[in-house]
Amino acid sequence: MSVKYDVSTLECANISHSVTLVPRLEYSINLLDDIVKILKKKRHDLKKLNRSFVDDFDETDNSHLRAIDLERIVAFSLEILFQIKKRTGRISGINNIPEVLPTIIPLIRTVSAQLFDIVPNCSQKLSELSAHLGSIVLDSAALTKARFDFSQSNEESSSLLNEVKLMVDSKISKQYPNLDFFKVCNT
């Protein structure tokens, strides 16, 4: 993905600062792509593993419940990252950055925390991504004189997290129809 914007609209004093945003944003998008690749493989492996014992599933066996829960967490994380990729694709100029990225950062931190014990390398990369995007937000805000309403960004993030959770829970319950899904979510 390439990020496009017109530097000729910026003041000369800000050109050197604005030009540094593009490579940092491209690096962040590449980092996000790498994380998505890793999680796609992890989800595939978990689905394959879970299918192998679905006929012999024992709801009293915590290892079986945990395996389904791991698949659910990875699927949730991937769906959130897909939403983040979609939103970063909306960035068409320096003025879009303060509009798009503040909502994304809490999502990344949430996914990073969920993956900490499951896929530590992804969690670490997500922490790095969060730091990069945070610095890009601050630098772009300084250049565009943007102001933030963090409570609104947090509400948007929370709403998106809830929507994705419902969607993923629905997919997992359809994938494993004979499973008491309440038990899985409370392992």
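Structure shown above.
Now for a look at the structure at hand. (Residues numbered from 1 in each chain as written. Predicted model: local features only at pLDDT ≥ 70, side-chain atom pairs only at ≥ 80, totals over all residues. Heavy atoms only, no water.)

### Quick notes on the environment of Ser 158
Phase 1: Mapped onto the elements of the fold, Ser 158 is located in helix H6 (residues 150-175).
Phase 2: For Ser 158, a relative accessible area of 36% translates into the label partly exposed. (Helix = DSSP H or I, 4+ residues; strand = E, 2+ residues; numbered from the N terminus. Buried < 20%, exposed > 50% of the residue type's maximum accessible area, 1.4 Å probe, protein only.)

### Let's talk about helix H5 (residues 120-144)
Phase 1: With 25 residues, H5 extends 36 Å from end C-alpha to end C-alpha; this agrees with the ideal 36 Å at 1.5 Å per step.
Phase 2: The complete set of buried residues in H5 reads Cys 122, Ser 123, Leu 126, Leu 129, Ser 130, Leu 133, Gly 134, Ile 136, Val 137, Ser 140, Ala 141 and Leu 143.
Phase 3: Two residues or fewer after H5 comes Lys 145, characterised by a positive phi angle close to 60 degrees. (Expected span 1.5 Å × (residues − 1).)

### Describing the pattern of salt bridges
Phase 1: A complete count under the given rule lists eight salt bridges for this structure.
Phase 2: Of the charged contacts in the structure, one is a salt bridge between Asp 33 and Lys 85, with a shortest N-O distance of 2.3 Å. Separated by 52 residues along the polypeptide, Asp 33 in helix H2 (residues 21-52) and Lys 85 in helix H3 (residues 62-88) bring together distant segments of the chain.
Phase 3: Overall, Asp 33 belongs to the partly exposed group, its relative accessible area being 22%.
Phase 4: Salt-bridge contacts for Arg 72 lead to Asp 169; the nearest nitrogen and oxygen are separated by 3.8 Å. Of this pair, Arg 72 sits in helix H3 while Asp 169 sits in helix H6; the two residues are 97 residues apart in sequence, bridging distant segments of the chain. (Salt bridge = Lys/Arg side-chain N within 4 Å of Asp/Glu carboxyl O.)

### Some points on the nonpolar core
Phase 1: Ranked by size, the top nonpolar core spans 45 residues in total, and within it Leu 39, Leu 101 and Leu 133 carry the most contacts.
Phase 2: Of all the elements in the fold, those that place two or more residues in this core are H2, H3, helix H4 (97-115), H5 and H6.
Phase 3: Residue contributions to this core peak at ten residues, all from H3.
Phase 4: Residues in contact with Leu 101, not counting those within four places in the same chain, are Leu 25, Thr 88, Ile 91, Leu 133, Ile 136 and Val 137. (Core = buried A, V, L, I, M, F, W, Y, C linked by side-chain atoms within 4.5 Å. Contact = heavy atoms within 4.5 Å.)

### Quick notes on unusual backbone geometry
Phase 1: Non-glycine residue Lys 145 carries a positive phi angle of around 60 degrees.
Phase 2: Examined against the element boundaries, Lys 145 turns out to sit in the loop between H5 and H6.
Phase 3: Since its relative accessible area comes to 66%, Lys 145 is described here as exposed.

### Re the packing of H4 against H5
Packed helix pairs are specified by the crossing angle of their axes together with the interaxial distance, meaning the distance between the axes.
Phase 1: Look at H4 against H5: their axes get within 9 Å of each other, and the N-to-C directions meet at 160 degrees. As summarised for this structure, H4 and H5 are arranged roughly antiparallel, according to the angle between their axes. Remark: the crossing between H4 and H5 carries left-handed chirality.
Phase 2: Of the residues belonging to the contact of H4 with H5, the class tally is 17 nonpolar, seven polar and one charged. (Axes fitted to C-alpha atoms, helices over the stretch in contact; angles between N-to-C directions. Parallel < 35°, antiparallel > 145°, perpendicular 65-115°, else oblique. Left-handed = near helix turned anticlockwise from the far one by under 90°. Nonpolar A, V, L, I, M, F, W, Y, C, P; charged D, E, K, R; others polar.)

### Some remarks on the packing of H3 against H4
Phase 1: At a minimum axis distance of 10 Å, the contact between H3 and H4 shows a crossing angle of 160 degrees. Our classification of the angle between H3 and H4 gives roughly antiparallel. At the point where H3 passes H4, the crossing takes the left-handed sense. Note on element contacts: H4 touches H3 through Val 100, Leu 101, Thr 103, Ile 104, Leu 107, Ile 108, Val 111, Gln 114 and Leu 115, opposite Ile 73, Phe 76, Ser 77, Ile 80, Ile 84, Arg 87 and Thr 88.
Phase 2: Split into classes, the residues belonging to the contact of H3 with H4 amount to eleven nonpolar, four polar and one charged.

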